[in-house]
Amino acid sequence: MSFTIVETMTPEPPSAHAREHMVAMRDGVELATDVHLPEHSTAHSAILVRTCYDKSSRYTALSFEAEYYRARGFAFVTQDVRGKFRSGGETVPYAHDVADGYDTVDWIVRQPWSNGRVGVTGQSYYGFTTWAAVASGHPAIKAAVPMVTGIDMGAGHVGSQWGQQIPYLAGLNDLLQIWTDHNGYLAEIDWSAGSAEDIVAAARARIGECRAATDMLRRSVDQGWYNPYGDRHPYHTTSVPILHWQNWYDPGLAPLGLRDWRHFRSLAGPRDLHYLRVGSADHSGYLLQDVGAGDERNPYLSGAALAEKIETECAEVADFFDEHVNGVRPAAPRPRARWHVGHVGWQSSQEYPPPSRALTFHLSAHGTGTCALNRDPDAEATTLTWTHDPDHPVPSSTDIEAIWYLLAAWPDERDLAERADVLTFRSEPLAGHLDFAGQPVLTGQVSFSAPSTHIVAKLQDVHPDGTTRPISWGRTVLSRAAGGSLTLALDDNAYRLRKGHRLQVQIQSSDFPHSAVHPGTDGNPWLTTERTPSTQGLTVGGSTGARLILPVITATETPDDGSH
């Protein structure tokens, strides 16, 4: 069996400090909603969170956050989304959240404890429900803090444009475990045991039909765009202040969130409604500075770490809502962008990415043990080749669950350099610290024998002892129709490569099981069972050789924030 249940999550009891209501939506479906009120009995602004992970669970920690927000004078309203845990309705992600968000806010403002003003927030999927509430256009919503999410999260989660984007098996993994029924599941899935259809069938036999997964496979046939917002897409309808909250080490969702930020800052009129906060943390909130500290610094496992996270992060959210929901002027003007440079500290700027200078490294065919990453190109052009074998793909450096807590599992990727199907380019040890912020860009010419290919690139920090840590990722699909010219913007980061460390670039055509494997044919990678090896080539050296362009900055030293 390729699908084995390890744990089943059923609804936990509501907090003793909350009153649970069953709130009717416009179609009569009732959603379980907890209201946490401050001690003093006046009218309050509300903070709304709508989650699929059980509003009462230790995992979401919303009952712990509620105590902080209550103390700050907010009514804190948490809700199980439709089809999950204590709420009624069919278990289908995305489809109802715009309407349900509107109806829930409408219920809030009719309550005697409401002053008619609402802020919305949430992380991951409930970051999406934050955007859905904003998109609903309810006039009581005055501001929002969507966290570690992206507006078009659903387009890659239950849509499948595999001809343009490398499909995430991590997304299908979530659909099966979260969106099969009202419960949640932790499952061991053998992704090598057959096609995605086989995996979905195995899950169906064990826990029942997951409509979201079945619909995703159906959509993959014509690769149609999935838009759960109807004519209310947030790119075109957002008119309230937004604090975009992301973490660099979240390759699953941070790229979407930073794309959202860039979109809104490109607009002539509403651009100044938008603010940015990005930390050196992973999707779960585990901090780069805590790598190696183990579970005692994991907020999901440690009460002390959770309490610290609430005191710092909930404070930032409450400050934003005090300013933009309650009209409380801050003591100092809010910076437009606040972002953390790994191994340095927090920076503030009026724009992100900040001004930078382009530092170019050329990928070279020469080097000891690996290929080189040099400031000057090789005089002669050379084509370096690798074979992608879909039956023996390059393994992901963590298991599929760890993509969401990458720093807690922080992989040492040194062994990948020994694989023949991974091209590795490494610089000499750095003579001094090198700071960058923004998107590194990889350019070059790629040839491939198949009708299309996947290109997965990693930017890595090689420590003096050989430990190799990923710091940025890039992924794309190349096709014969589009040609073999590669201009790949890797994921954003702000990071210090320290003196004596080496900069490394790796290029490969698979990352399994995080991503679906290219079949080596023009077949649908979700459905096809026909696979064949293919050959890829990368030109290095000469006037058109591959190069990495790094956006270099001078970071402000802030040693008092605990970074190292």
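Further up the page is the structure itself.
Please read all numbers here as calculations on a predicted model, not as lab measurements.

**Q** Is there a simple way to think about the layout of surface pockets in this case?
**A** One way to see where empty space is left: roll a probe the size of a water molecule over the atoms. Quantified by volume, the largest pocket comes out at close to 1,300 Å³. Tyr53, Tyr59, Thr60, Tyr300 and Tyr405 are the residues nearest the centre of the largest pocket, which is lined by 50 residues in total. The set of elements that each furnish at least two residues to the lining of the largest pocket consists of strand 1 (3-9), helix 1 (62-71), strand 6 (114-123), helix 5 (169-178), strand 8 (184-189) and helix 10 (303-324). The element contributing the most residues to the lining of the largest pocket is helix 10, with six residues. For the lining of the largest pocket, the class distribution of residues is 25 nonpolar, 13 polar and 12 charged. Here the second largest pocket defines a volume of roughly 980 Å³. What lines the second largest pocket is a set of 49 residues, and nearest its centre among them are Gln165, Tyr168, Pro255, Leu256 and Arg475. Counting residues per element, the ones that place at least two in the lining of the second largest pocket are helix 4 (153-157), helix 5, helix 9 (254-265), strand 20 (468-479) and strand 21 (485-489).

**Q** Any chance you could explain empty space enclosed by the protein here in plain terms?
**A** Under the definition given, this model contains seven cavities of 30 Å³ or more. Of the volumes computed, that of the largest cavity is approximately 190 Å³. Lining the largest cavity are 18 residues, and of these Tyr168, Lys458, Trp473, Asp511 and His514 sit closest to its centre. At the level of elements, strand 19 (452-462) and strand 20 are the ones that each hand at least two residues to the lining of the largest cavity. For the lining of the largest cavity, the class distribution of residues is 10 nonpolar, four polar and four charged.

**Q** Can you help me understand the nonpolar core in this one?
**A** Here is a general trend for soluble globular proteins: nonpolar side chains tend to be buried in one another's company. Within the largest apolar cluster, 98 residues are counted, with the highest numbers of intra-cluster contacts made by Phe3, Tyr69, Leu172, Leu176 and Phe321. When neighbours within four sequence positions are excluded, tyrosine 69 is seen to be in contact with Ile47, Phe74, Phe76, Cys314, Val317 and Ala318. Counting residues in hydrophobic clusters, the runner-up holds 55 residues, among them Trp248, Trp410, Ala457 and Ala546.

**Q** What am I meant to see in the side chain of aspartate 34 here?
**A** For aspartate 34, the location among the structural elements is in strand 3 (residues 30-36). We classify aspartate 34 as buried; its relative accessible area is 1%. There is a polar contact of 3.1 Å between the side chain of aspartate 34 and the side chain of lysine 55. If we ignore the near neighbours within four places in the chain, the residues touching aspartate 34 are Pro14, Ser15, Ala18, Arg19, Glu20, Lys55, Ser56, Phe76, Val77 and Thr78.

**Q** Just to check I follow, could you spell out the environment of histidine 518 for this structure?
**A** Locating histidine 518 in the fold gives a position in the loop between strand 23 (502-508) and strand 24 (534-540). Given the relative accessible area of 5%, histidine 518 is considered buried. Histidine 518 sits 135 residues away from threonine 383 along the chain, and the two C-alpha atoms are 22 Å apart. In contact with histidine 518, other than residues within four places in its own chain, are His388, Pro390, Ser452, Thr453 and His454. Of note is the side chain of histidine 518, whose polar atom sits 2.9 Å from the backbone nitrogen of glycine 520.

**Q** Quick question: what am I supposed to make of unusual backbone geometry here?
**A** The phi angle of most residues is negative, glycine excepted, and most peptide bonds adopt the trans form. Here the residue pair tyrosine 352 and proline 353 is connected by a cis peptide bond, since its omega of 0° sits within 30 degrees of zero. Here the bond from phenylalanine 512 into proline 513 is cis, since omega is 15°, no more than 30 degrees from zero. Among the structural elements, proline 513 can be located in the loop between strand 23 and strand 24. Even without glycine at this site, tyrosine 94 takes up a positive phi of about 75°. In this fold, tyrosine 94 is placed in the loop between strand 5 (75-80) and helix 2 (97-109). According to the relative accessible area criterion, tyrosine 94 is buried, its value standing at 0%.

**Q** Would you mind going over a nonpolar patch on the surface with me for this structure?
**A** On the surface, a cluster of nonpolar side chains totalling about 210 Å² of accessible area is made up of Val6, Met9 and Leu186. What makes valine 6 partly exposed here is its relative accessible area of 48%.

**Q** Any chance you could explain the packing of helix 2 against helix 3 (residues 125-136) here in plain terms?
**A** Helices that pack against each other are described as a pair by the angle of their axes relative to one another and the distance between those axes. Orientation of helix 2 relative to helix 3, taken along the N-to-C sense of each, is 70°, at an axis distance of 8 Å. Here helix 2 is positioned roughly perpendicular relative to helix 3, judged by the angle of their axes. On the side of helix 2, the interface is formed by Asp97, Val98 and Tyr102, while helix 3 contributes Tyr125, Phe128, Thr129, Ala132, Ala135 and Ser136. Its residues assigned to classes, the contact of helix 2 with helix 3 comprises six nonpolar, two polar and one charged.

**Q** Before we go on, may I ask you to explain the packing of aromatic side chains in this structure?
**A** In this description, a pair of aromatic rings is defined by centroid distance and the angle of the planes. This model, assessed by the stated rule, comprises 19 aromatic pairs. Between tyrosine 94 and tyrosine 226, the aromatic rings sit 6.3 Å apart at their centres with planes inclined by 70°, giving edge-to-face as the arrangement. Residue tyrosine 94 is found in the loop between strand 5 and helix 2, and its partner tyrosine 226 is found in the loop between helix 7 (211-219) and helix 8 (234-237); the two are separated by 132 residues along the sequence. Pairing tyrosine 249 with tryptophan 410 gives two aromatic rings, centres 5.4 Å apart and planes at 85°, and the pair type is edge-to-face. With a gap of 161 residues between them, tyrosine 249 in strand 9 (residues 242-249) and tryptophan 410 in the loop between strand 15 (382-388) and strand 16 (423-426) connect regions that are remote in the sequence. Its relative accessible area of 10% is what places tryptophan 410 among the buried residues. Among the aromatic residues, those joined into a cluster by ring pairs are Tyr94, Tyr125, Phe128, Trp179, Tyr226 and Tyr229. Over the face of the ring belonging to phenylalanine 64 we find arginine 58, whose NZ or CZ atom lies 5.7 Å from the ring centre.

Reading the values: the criteria
Residues numbered from 1 in each chain as written. Predicted model: local features only at pLDDT ≥ 70, side-chain atom pairs only at ≥ 80, totals over all residues. Heavy atoms only, no water. 1 Å grid on protein atoms, 1.4 Å probe; cavity = no way out; pocket = protein on both sides within 12 Å on 5 of 7 lines; lining within 4 Å. Points joined across faces, edges and corners; volume = space filled by probe spheres on them. Helix = DSSP H or I, 4+ residues; strand = E, 2+ residues; numbered from the N terminus. Nonpolar A, V, L, I, M, F, W, Y, C, P; charged D, E, K, R; others polar. Core = buried A, V, L, I, M, F, W, Y, C linked by side-chain atoms within 4.5 Å. Buried < 20%, exposed > 50% of the residue type's maximum accessible area, 1.4 Å probe, protein only. Contact = heavy atoms within 4.5 Å. Polar contact = N/O pair within 3.5 Å; in protein donor to acceptor, adjacent residues only side chain to side chain. Patch = residues over 30% accessible without salt bridge, like charges linked within 9 Å, V, L, I, M, F, W, Y side chains within 5 Å. Areas by Shrake-Rupley, 256 points an atom, 1.4 Å probe, with all protein chains shown as cover. Salt bridge = Lys/Arg side-chain N within 4 Å of Asp/Glu carboxyl O. Axes fitted to C-alpha atoms, helices over the stretch in contact; angles between N-to-C directions. Parallel < 35°, antiparallel > 145°, perpendicular 65-115°, else oblique. Phe/Tyr/Trp six-rings, centres within 6.5 Å; stacked < 30°, edge-to-face > 60°. Lys NZ or Arg CZ within 6 Å of the ring centre and 35° of its normal.

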